[in-house]
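The chain contents come next:
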Amino acid sequence: MIKYHDEEWGRGVKEDRKLFEALTLEVFQAGLSWRTVLYKRAQFRVRFYQFNVERVAGLTEKDVERLLQDPGIIRHRKKIEATIENAQRTLRIVESEGSFYQWLKQLPKDQEQACEIVKTQFKHVGITTAESFLIAIGVLGAPHDEQCFLHN
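An unreviewed UniProt entry annotates the chain as DNA-3-methyladenine glycosylase I of Alkalihalophilus sp. As8PL.

### Observations concerning the packing of helix α5 (residues 61-68) against helix α6 (residues 77-97)
Relative orientation of the contacting elements α5 and α6 amounts to 135 degrees, with a least axis distance of 10 Å. Overall, the two elements α5 and α6 adopt an arrangement that is oblique. α6 is crossed by α5, and the crossing has right-handed handedness. Residues E61, V64, E65, L67 and L68 of α5 touch α6, and the partners they reach there are R77, I80, E81 and I84. A per-class count over the contact of α5 with α6 returns five nonpolar, no polar and four charged.

Conventions and cut-offs
In every chain, residue numbers begin from 1 and rise along the written sequence. Totals for whole chains, interfaces and linings use all residues, but because this is a predicted model, local features are given only for residues with pLDDT of at least 70 and pairs of side-chain atoms are given and counted only at 80 or more. Values reported for side chains reflect all heavy atoms of the structure, with hydrogen atoms and water molecules removed beforehand. In this analysis an axis means a line fitted to C-alpha atoms, helices contributing only their contacting stretch, and an angle means the value between N-to-C directions, from 0 to 180 degrees. Numbering of helices and strands runs from the N terminus; a helix is a DSSP stretch of H or I covering at least four residues, while a strand is a stretch of E covering at least two. Angle categories: roughly parallel below 35 degrees, roughly antiparallel above 145, roughly perpendicular from 65 to 115, and oblique for all the rest. By definition, any crossing whose near helix is turned counterclockwise from its far helix by less than a right angle is left-handed, and any crossing with a clockwise turn is right-handed. In this description, contact between two residues means that some pair of their heavy atoms is separated by no more than 4.5 Å. Amino acids outside the nonpolar list (Ala, Val, Leu, Ile, Met, Phe, Trp, Tyr, Cys, Pro) and the charged list (Asp, Glu, Lys, Arg) are all regarded as polar, and Gly is one of them.

As structure tokens, this is what we get:
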């Protein structure tokens, strides 16, 4: 958790694969602790092909059933299906905007508006998940404690 905080959380992410990974992990985190997600992140990377968007977009119902049997990940049908749908939606964004990163750069600076757009663009993403995603990838400022070396 400390390493994630110190080296990743709130840092600007530009690579589409890492952006898709962050979105996916935020979807799986909904209703759970971030510790649980980080503990299983290595296995998520294996099962979702290092978050290769094209490969994830092509997963089938048979793949969903296989993933539901994998104790190394969070076994939640709606979240697994949302991940596949979100990969397909990400591919459409990349096709129209050139990259996921370019699309994110065009979001309004207003936090509420940006979160609403992310919420409506992706499946199984509410306002809280959208906000967490945008903070994690550095689009919105991370709320570090005043005592934190990353504050400001």
